[in-house]
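# Structural characterization, general
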Amino acid sequence: MEQIKVTFMKIDPRAQVPVYGTEYSAGADLSACIEQPVTIHAGTTEFIHTGIAVAIPRGLVGLIYARSGLACKQGLAPANKVGVIDSDYRGEIIVALHNHSSEDFVVEQGQRVAQMVIAPYLYAVYEEKDSLDETDRGKGGFGSTGDK
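The following refers to the structure shown. (Residues numbered from 1 in each chain as written. Predicted model: local features only at pLDDT ≥ 70, side-chain atom pairs only at ≥ 80, totals over all residues. Heavy atoms only, no water.)

## A closer look at a nonpolar patch on the surface
The grouping of Tyr65, Val82 and Val84 at the surface amounts to a nonpolar patch, some 220 Å² of accessible area in total. Within the secondary structure, Val84 sits in strand 8 (residues 83-85). (Patch = residues over 30% accessible without salt bridge, like charges linked within 9 Å, V, L, I, M, F, W, Y side chains within 5 Å. Areas by Shrake-Rupley, 256 points an atom, 1.4 Å probe, with all protein chains shown as cover. Salt bridge = Lys/Arg side-chain N within 4 Å of Asp/Glu carboxyl O. Helix = DSSP H or I, 4+ residues; strand = E, 2+ residues; numbered from the N terminus.)

## Some words on the pattern of salt bridges
Within this structure, the stated rule accounts for five salt bridges. Where Asp12 meets Arg14, a salt bridge forms, and the shortest distance between an N and an O atom there is 2.9 Å. The exposure class assigned to Asp12 is buried, which follows from its relative accessible area of 18%. Among the ionic contacts, a cluster of salt bridges with common partners joins Asp12, Arg14 and Glu35. (Buried < 20%, exposed > 50% of the residue type's maximum accessible area, 1.4 Å probe, protein only.)

## Remarks on the pairing of strand 9 (residues 92-99)
With respect to burial, strand 9 is a largely interior element, seven of its eight residues being buried. In this sheet, strand 9 lies alongside strand 5 (residues 45-55) in antiparallel orientation, the contact comprising six bridges. Pairing of Ala53 across the sheet is with Glu92, part of strand 9. Both strand 7 (residues 76-78) and strand 9 contribute to a ladder of three bridges, which runs antiparallel. Across the sheet, residue Leu76 finds its bridge partner in strand 9, namely Asn99. (Pairing = 2+ DSSP bridges.)

## Some words on the sheet that holds strand 11 (residues 112-120)
With antiparallel pairing, five strands are arranged side by side in an open sheet as 2-3-11-6-8. Bordering the open sheet on either side are strand 2 (19-20) and strand 8, each of which pairs with just one other strand. Sheet topology note: the strand 6 (residues 60-65)/strand 8 ladder contains three bridges and is antiparallel. Following the sheet pairing, Leu63 is matched in strand 8 by Val84.

## A short note on the environment of Ala96
Mapped onto the elements, Ala96 comes out in strand 9. By relative accessible area, Ala96 is classed as buried at 15%. For the pair Ala96 and Glu23, spaced 73 residues apart in the sequence, the C-alpha separation amounts to 27 Å. If we skip the residues at most four places from it in the chain, Ala96 touches Thr45, Glu46, Phe47, Ala77, Pro78 and Ala79. (Contact = heavy atoms within 4.5 Å.)

## Brief notes about the sheet that holds strand 9
The antiparallel open sheet is built from four strands, whose spatial order is 1-5-9-7. Because the sheet does not close on itself, it has two edges, and the strands there are strand 1 (7-10) and strand 7. Ignoring which end each strand starts from, the neighbouring axes of this sheet average 45 degrees apart. Pairing of strand 1 with strand 5, which is carried by four bridges, proceeds in the antiparallel orientation. Residue Met9 lies in a different strand from strand 5, and its bridge partner there is Ala53. (Axes fitted to C-alpha atoms, helices over the stretch in contact; angles between N-to-C directions.)

Below, the structure is given as structure tokens:
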């Protein structure tokens, strides 16, 4: 498996190193780095600090996703669905964690709250035209391919 070095620094000495759950995990777990427990009330969003900053190499992006256990069992997921950490960002990674459930949830210091996947991306140059090439689908939108 190809590896890439992503350097990071602890902004807070209590911060946890991003860690992969298994050898083949795509995302490294990010943990809460907070002074005291944070209650995320049902239907609300709280900003959860991780205490780390990263230097993602150019041409790569850090994508912040929900941890499946928290999302499926507790209803907690990033408020923006997928967070984007650009390669030129050097600030602290903060997860906007939203509680989709009907129960309050308490985040504790060191608790794994999200996962970060490092992925390549393409930088597009947008060129305006008066028309686009024709396809079988054309302008068919939501549900136009027969999905119900």
